[in-house]
Amino acid sequence: MTHPFLDLAPLSAARFASIEDRVARLLHTGQDVLIMQGEALLPLEGAIRAAAGPGTTALNVITGPYGQTFGNWLRDCGAEVIDLAVPFHTAVTAEQIRSALSERPEIDFVSLVHAEAATGNTNPVAEIGPVVREHGALFYLDAVASVGAEPVLVDAWGVDLCVIGAQKAMGGPAGVSAVSVSERAWARMAANPRAPRRSYLSLLDWKERWIDGGRTALPHAPAQLEMLALEACLERIEAQGLDAVTARHARAAAATRAGALALGGGLEPYVHDAADAAPVATTLRAPAGTDAAELVARALRSDPALPVSAGGGALAKEMIRVNHYGPDATPATVRGALVALGQALAERGLTVDVTAALGAADAAGR
């Protein structure tokens, strides 16, 4: 049996390094970039466990479920954690960060999610980064959902640890991920006796065996198919132009929000202010007296492939999410989602105007 995914030549160290260089260009950084052989949770956890430990005082910003996860990891490392939680329908502000840092001058680590696809908000990292750098804290950023949907400027924003995954706006594979690491972050890891070593979580092992060796010999066999898929995904973004890709996501988000508002039936954006809404996904609050999960199930009867889902966990009854990212950041996807949601609301006896919704979406998405 032959198949294009089988019997491939081994991926060379030079090709692996060239893919890392492409990721660095995507992130606008001159920092070291490591491509990790696993989903983004691998470097997200690995970076925290490497850089934080007893003696660390961390400001952990919570604007969604991933912020909560980061706080748990930090506490597990022995760090003292100050949680700065804001309502999930909004975003944190640079002034809130500044105030928290002023109240606790000993804070030396700040963790933040750029865009929370689960809640549909995005945080103003361009404004927050200089505040964190002025304070002198290490800045850890989860850009998994934002990269490709909106600008991610690692060096300009002063980010020390930036983790990305390709499976959302980049339209790539989920099986590999990447992290950029500043010199300050490497120094913090080297000084941390509890940083993972001889472990799949270890960034320091990769540094010593891969980066410090001139990236000439891979520490182990890479996930070949995922690496080739990541390379193809980066090539496609480069060919289209990153600005064009992010603009496509911005148009999809604007169209979805406008269409939902015009649809009626009590459907409304979950994130109140459009400036706080993430381009990667639009979250909607289900009308009073309805169940979001039930409405989504009705909507998907017409087209199960639509990227529409209910919120996770406690949000399942109140939140509907339209995941317009990657190949789904298109007018056709937005229109399909609005039509399906309109039908679901109409079946529940609510008054909707699908024609008005499609018109508003088309106008906002131009």
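Residues numbered from 1 in each chain as written. Predicted model: local features only at pLDDT ≥ 70, side-chain atom pairs only at ≥ 80, totals over all residues. Heavy atoms only, no water.

J.: Describe the sheet that holds strand E8 (residues 161–165), with residues and values.
T.: The strand order across the open sheet formed by 7 strands is E1-E9-E8-E7-E4-E2-E3, and the pairing between neighbours is mixed. Single-partner strands in this sheet number two, and they are strand E1 (32–36) and strand E3 (80–85). The average angle at which neighbouring strand axes cross in this sheet is 15°, direction not considered. In the sheet, strand E4 (residues 109–113) pairs with strand E7 (residues 138–142) via 5 bridges, with the strands oriented parallel. When the sheet's bridge partners are listed, Val110 is paired in E7 with Phe139. Across the sheet, helix H3 (residues 65–76) is in contact with strand E2 (57–62), E3, E4 and E7; its angle to E2 comes to roughly 160°. (Pairing = 2+ DSSP bridges. Helix = DSSP H or I, 4+ residues; strand = E, 2+ residues; numbered from the N terminus. Axes fitted to C-alpha atoms, helices over the stretch in contact; angles between N-to-C directions. Contact = heavy atoms within 4.5 Å.)

J.: So what's going on with the nonpolar core? Residues and values would help.
T.: Core analysis: the biggest nonpolar cluster contains 84 residues, and Ile97, Leu161, Ile164, Met170 and Met189 have the highest contact counts within it. Take this core: its biggest share by element is 7 residues, from helix H1 (residues 13–26). Contact partners of Ile164, with chain neighbours within four places excluded, come to Val23, Leu26, Leu27, Ala40, Ala143, Val144, Val147, Met170, Ser177 and Ala178. If you look at the next biggest cluster of nonpolar residues, it comprises 19 residues, including Ala292, Val308, Ile320 and Ala337. (Core = buried A, V, L, I, M, F, W, Y, C linked by side-chain atoms within 4.5 Å. Buried < 20%, exposed > 50% of the residue type's maximum accessible area, 1.4 Å probe, protein only.)

J.: Describe helix H4 (residues 94–103), and please don't skip the residues or the numbers.
T.: The complete set of buried residues in H4 reads Ala94, Ile97, Ala100 and Leu101. Within H4, the buried residues cover an arc of 125° as seen down the axis, which keeps them to one side. Projecting away from the buried face of H4 at angles above 90 degrees are the exposed residues Glu95, Ser102 and Glu103. Check the buried side of H4 and you find it contacts E2, E3, E4 and helix H5 (125–135). (Arc of directions from axis to C-beta.)

J.: Can you lay out the packing of H4 against H5 for me, pointing to particular residues and giving the numbers?
T.: A packed helix pair is summarised by two numbers, namely the angle formed by the two axes and the spacing between the axes. Taken N-terminus to C-terminus, the directions of H4 and H5 make an angle of 15°; their axes are 9 Å apart at the nearest point. Taken together, the axis directions place H4 and H5 in an arrangement best described as roughly parallel. The element H4 and its partner H5 pack so that their crossing is right-handed. Side by side, H4 and H5 meet where Ala94, Ile97, Arg98 and Leu101 of the first sit next to Glu127, Ile128, Val131, Val132, Glu134 and His135 of the second. When the residues that make up the contact of H4 with H5 are grouped by side-chain class, the tally is 6 nonpolar, 1 polar and 3 charged. (Parallel < 35°, antiparallel > 145°, perpendicular 65-115°, else oblique. Left-handed = near helix turned anticlockwise from the far one by under 90°. Nonpolar A, V, L, I, M, F, W, Y, C, P; charged D, E, K, R; others polar.)

J.: Describe the sheet that holds strand E10 (residues 268–269), and please don't skip the residues or the numbers.
T.: Strand order across the open sheet formed by 4 strands is E10-E11-E13-E12, with antiparallel pairing between neighbours. Each edge of the open sheet carries a strand with a single partner, namely E10 and strand E12 (308–310). In this structure, E12 lies alongside strand E13 (residues 319–322), joined through 3 bridges in antiparallel fashion. The residue bridging Val308 from the neighbouring strand is Val322, located in E13. Across the face of the sheet, helix H10 (residues 242–263) comes into contact with E10, strand E11 (282–285) and E13 while running at roughly 15° to E11.

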